[in-house]
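Understanding the architecture of this molecule
Spelled out from the first residue to the last, the chains are:
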Amino acid sequence: MTTIHDEATAIRRRLEEAKAETVKIALFGQPGAGKSSLINKIIGSRVAETGVETDKTVDACYYEKNGLKFCDLPGYGTKNFPESTYFDRFDIPSFDLFLCVTSGKLHKADTDFFQELRRKNKVCIFVVNKHDDLWEEGVSTQELEQRKIADIYKHVGAKVAVQFTSCRKSYGLDELNKEIQHNLGEAKRERWMRGAKAYSQEFLLRKKAACERYVALAAGASAANGLNPIPGANIAVDISILMKLFKEIRDAYGLDDTRLSTLAQSALPVVGRLANQVTQFATEQGILMLLKSVAGRQAAKQLMSYIPFIGQAIAAGLGYAITSNAGTSYLEDCHELAKEVLDNKLAV
């Protein structure tokens, strides 16, 4: 018979697994294709060095944020990085998928590397970057895209996934997001949806759904590991777990301290109010205030749909009802703030 101790142990393990999950993506392609810019766009902040004058990648460059790990690979089959040692040197089998980024003609080195990936059953998405430069007088953009796709098919000898993007105009990034999600397993797809920047309301909703499942886990772990009494309630929870949860939610929506400070001064009243509210509940004192407010309303709403994740005994407890409602309330604030930012095209 499963006890509440068994459920608590299981949910803590699930939470640790969710925290530790990562998505590893390698990018390859010729200098100047915009790999660094693409990484920055996907993550939503400037983590990769970009440049237009020379090739910035002379060795593998690694970048990590919000559980997403990117590697900008150097040229395949060169004097410094010969084919014979390339896969072992950069641990190629460890990556979840690959992006071949191009803004011009495919080079033989890229085609050769793709063929090796294909032989090893690795997923590779072709990204035609700098879509805003795709122009020819008297020819429609659609026709130019079809020509580009046909050229890629011809070079690699197969019909492959091709996405068009523009980092300058944030074009096609949502479609690329969807294609990446489609090629990930469930756990990694959850991590991707929480970690990648949203460029559409549809992706924001997917992000929210992934965060809701994460809230259920963290709230259950906090309730089961009660250490801190909630003011005005005969219940204790683990505040440290909730603090990490709230930070994870803010990170998922790209709401760091600098951005929240900027948004708090927005001319749009709803944006300023939400930014201040998200900031207010980011501290231990703020979390206790939120928990007290939820407990004072005698929260009875319980996310029973998450019982497979958290267990019957934990879900039935008032501690879980309070922590899950507090987590959901904070998630709603972050989501609404991100929605307003996207709707109003606010630069943060």
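Right, let's walk through the structure included here.

Rules behind the numbers
Residues numbered from 1 in each chain as written. Predicted model: local features only at pLDDT ≥ 70, side-chain atom pairs only at ≥ 80, totals over all residues. Heavy atoms only, no water. Pairing = 2+ DSSP bridges. Helix = DSSP H or I, 4+ residues; strand = E, 2+ residues; numbered from the N terminus. Axes fitted to C-alpha atoms, helices over the stretch in contact; angles between N-to-C directions. Contact = heavy atoms within 4.5 Å. Salt bridge = Lys/Arg side-chain N within 4 Å of Asp/Glu carboxyl O. Parallel < 35°, antiparallel > 145°, perpendicular 65-115°, else oblique. Left-handed = near helix turned anticlockwise from the far one by under 90°. Nonpolar A, V, L, I, M, F, W, Y, C, P; charged D, E, K, R; others polar. Buried < 20%, exposed > 50% of the residue type's maximum accessible area, 1.4 Å probe, protein only. Arc of directions from axis to C-beta. Polar contact = N/O pair within 3.5 Å; in protein donor to acceptor, adjacent residues only side chain to side chain.

1. Digging into the sheet that holds strand S4 (residues 97-102)
Ordered in space as S2-S3-S1-S4-S5-S6, the six strands form an open sheet in which the pairing is mixed. Since the sheet does not close on itself, it has two edges, and those belong to strand S2 (61-65) and strand S6 (162-164), each with one partner. On average, each strand axis in the sheet is tilted by 25 degrees relative to the strand beside it, whichever way the strands run. Sitting on the sheet, helix H2 (residues 35-43) touches strand S1 (23-28), S2, strand S3 (68-72), S4 and strand S5 (124-128), and the angle it makes with S3 is about 175 degrees.

2. What to know about the pattern of salt bridges
Charged atoms that come close allow side chains of opposite charge to pair. Across all of its chains, the model carries 20 salt bridges by this definition. Residues Lys188 and Asp96 are paired through a salt bridge, measuring 3.5 Å at the closest nitrogen-oxygen approach. With a gap of 92 residues between them, Lys188 in helix H7 (residues 186-195) and Asp96 in the loop between helix H3 (83-89) and S4 connect regions that are remote in the sequence. Put simply, Glu190 and Arg213 hold a salt bridge, and the shortest N to O gap is 2.6 Å. Here the residue Glu190 occupies a position in helix H7, and Arg213 occupies one in helix H8 (residues 201-224), the gap between them amounting to 23 residues. Three or more residues are tied together by salt bridges with common partners; here these are Asp174, Lys178, Glu202 and Arg206.

3. Some thoughts on the pairing of S2
Where S2 meets S3, five bridges bridge the pair, whose relative direction is antiparallel. From the neighbouring strand, Cys61 faces S3, where its bridge partner is Asp72. Connecting the antiparallel pair S2 and S3 is a turn made up of two residues, with Asn66 showing a positive phi of about 55 degrees.

4. Let's talk about the packing of helix H1 (residues 4-20) against H8
Two numbers describe how H1 lies on H8: the axes approach to 9 Å, and their chain directions differ by 135 degrees. Viewed along their axes, H1 and H8 adopt a mutual orientation that is oblique. Once H1 is placed against H8, the crossing between them reads as left-handed. Only Tyr214, Ala216, Leu217, Ala218, Gly220, Ala221 and Ala224 of H8 make contact with H1, whose side of the interface consists of Ala8, Ile11, Arg12, Arg14, Leu15, Ala18 and Lys19. Here the residues of the contact of H1 with H8 sort into ten nonpolar, one polar and three charged.

5. Digging into helix H10 (residues 257-264)
Of the residues making up H10, those classed as buried are Arg259, Leu260 and Leu263. Taken end-on, H10 shows its buried residues confined to a sector of 100 degrees, consistent with a single buried face. Turned more than 90 degrees away from the buried face of H10 sit Asp257 and Thr258, all of them exposed. Turning to H10, the residues buried within the fold contact helix H9 (239-252), helix H11 (269-280) and helix H15 (318-343).

6. Description of the side chain of Thr323
Take Thr323: it is sitting in helix H15. A distance of 3.2 Å separates a polar atom in the side chain of Thr323 from the backbone oxygen of Ala219. Within polar-contact distance, the side chain of Thr323 engages the backbone oxygen of Tyr320 at 3.2 Å. Those residues within four positions of Thr323 in sequence are excluded, and the remaining contacts are Ala219, Ser222, Ala223, Val237, Leu242 and Leu291.

7. Describing the packing of H7 against H8
The contact between H7 and H8 brings their axes to 8 Å, and the two run at 120 degrees. The pairing of H7 with H8 is recorded here as oblique in orientation. As H7 runs across H8, the sense of the crossing is left-handed. Seen from H7, the contacting residues are Glu190, Trp192, Met193, Arg194 and Gly195; seen from H8, they are Phe203, Arg206, Lys207, Ala210, Cys211, Arg213 and Tyr214.

Geometric descriptors of this kind do not, in isolation, establish any biological role.
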